[in-house]
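Reading the structure
Below, each chain spelled out in residue letters.
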Amino acid sequence: MTDRHQHALDAIRGALAGEPDPQQAMEATVTLLSTHLPDYTWTGIYLLDGNELCLGPFVGRPSPHTRIPLGRGICGAAAAEKATIVVDDVNADPRYLACSIDTRSEIVVPIMLDGDVLGELDIDSSRPAAFTADDRELLEKVAALLAPGLAGRARP
Ligand code: SME
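A brief structural summary. (Residues numbered from 1 in each chain as written. Predicted model: local features only at pLDDT ≥ 70, side-chain atom pairs only at ≥ 80, totals over all residues. Heavy atoms only, no water.)

1. Things to note about the site of the ligand
As a matter of local geometry, the ligand sits amid 13 residues, with Ile74, Cys75, Leu97, Glu106 and Asp124 nearest to it. One of the backbone nitrogen or oxygen atoms of Ile74 is found 2.9 Å away from an oxygen atom of the ligand. One of the side-chain nitrogen or oxygen atoms of Asp124 is found 3.0 Å away from an oxygen atom of the ligand. Alone, the ligand offers 300 Å² of accessible surface; in the complex the protein occludes 100% of this. (Near = heavy atom within 4 Å. Polar contact = N/O pair within 3.5 Å; in protein donor to acceptor, adjacent residues only side chain to side chain. Areas by Shrake-Rupley, 256 points an atom, 1.4 Å probe, with all protein chains shown as cover.)

Shown next, in the form of C-alpha cells:
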C-alpha cells in the first residue's frame, strides 16, 4: 500500500482500539477515510437490517438511497455475493444506483464476521477508475477491524 493508505489504516486502527461504541467507531472510520484519501468523494457505511442495507454514518452529500434491498445496486450485489466490487465506470454498469451525478467510480466492501454480512463500506469517487488494489487492501482490512464491534450492535 502507499504511505497514504498505510497512514489511513494506522489512524483507523488507533481510533477503533479505544472505542467500544459501534456508532462512534463507524463515524471515526468514515471521517478518517475521507480525510486521508482525497479521491474518496463520498464515504459511507451501510448496515444489514433483515433483507435491506440501511445507511449509517457517511461523509459527503446526502444520498437518496437510505435503504437498499439485497441484490439491488452495486451495494446490494456486493452484500449478496459477499465479495468486494470495484466499478471503474459507474455509468457503464447497469446495476448502479445513482447517488450524485459527479460520481464516476465506486468500491463496495462487505463487512463480514464468520461468513455473515453485517454491512459494508461504500466509497464513491468523482474520478474514473479511482480505486486500485491498494484501496481494496485498505478497505478490506478496515472492514475486518470494524466487524467484531458491529456484530454485537443494536439494530439500526
Ligand atoms: N451507488 C450505490 C448506491 C449508494 S450511493 O452510492 C451512496 C449502488 O449502486 O448500490
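2. Some thoughts on the packing of helix 1 (residues 3–17) against helix 4 (residues 133–151)
Across the interface, helix 1 lies against helix 4 with an axial gap of 10 Å and an inter-helix angle of 5°. When the axes of helix 1 and helix 4 are compared, the pair comes out roughly parallel. Contacts between helix 1 and helix 4 pair His5, Ala8, Leu9, Ile12, Arg13 and Leu16 from the former with Asp134, Asp135, Leu138, Lys141, Val142, Leu145 and Leu146 from the latter. When the residues that make up the contact of helix 1 with helix 4 are grouped by side-chain class, the tally is eight nonpolar, one polar and four charged. (Axes fitted to C-alpha atoms, helices over the stretch in contact; angles between N-to-C directions. Helix = DSSP H or I, 4+ residues; strand = E, 2+ residues; numbered from the N terminus. Parallel < 35°, antiparallel > 145°, perpendicular 65-115°, else oblique. Contact = heavy atoms within 4.5 Å. Nonpolar A, V, L, I, M, F, W, Y, C, P; charged D, E, K, R; others polar.)

3. Describing the nonpolar core
Counting residues in hydrophobic clusters, the biggest one holds 27 residues, and the most contacted among them are Leu33, Leu121 and Leu146. Listed by contribution, the elements that provide at least two residues to this core are helix 1, helix 2 (22–36), strand 1 (42–49), strand 5 (105–113), strand 6 (116–125) and helix 4. With residues up to four places along the chain from it excluded, the contact list for Leu33 reads Ile12, Tyr40, Thr43, Leu121, Ile123, Leu138 and Leu139. Of all hydrophobic cores here, the second largest spans 18 residues; its members include Leu55, Ile68, Ala78 and Ile85. (Core = buried A, V, L, I, M, F, W, Y, C linked by side-chain atoms within 4.5 Å. Buried < 20%, exposed > 50% of the residue type's maximum accessible area, 1.4 Å probe, protein only.)

4. Points about the environment of Ala80
Relative to the elements of secondary structure, Ala80 occurs in helix 3 (residues 73–81). We classify Ala80 as exposed; its relative accessible area is 52%. For the pair Ala80 and Gly149, spaced 69 residues apart in the sequence, the C-alpha separation amounts to 22 Å. Excluding anything up to four places from it in sequence, Ala80 contacts Leu70 and Gly71.

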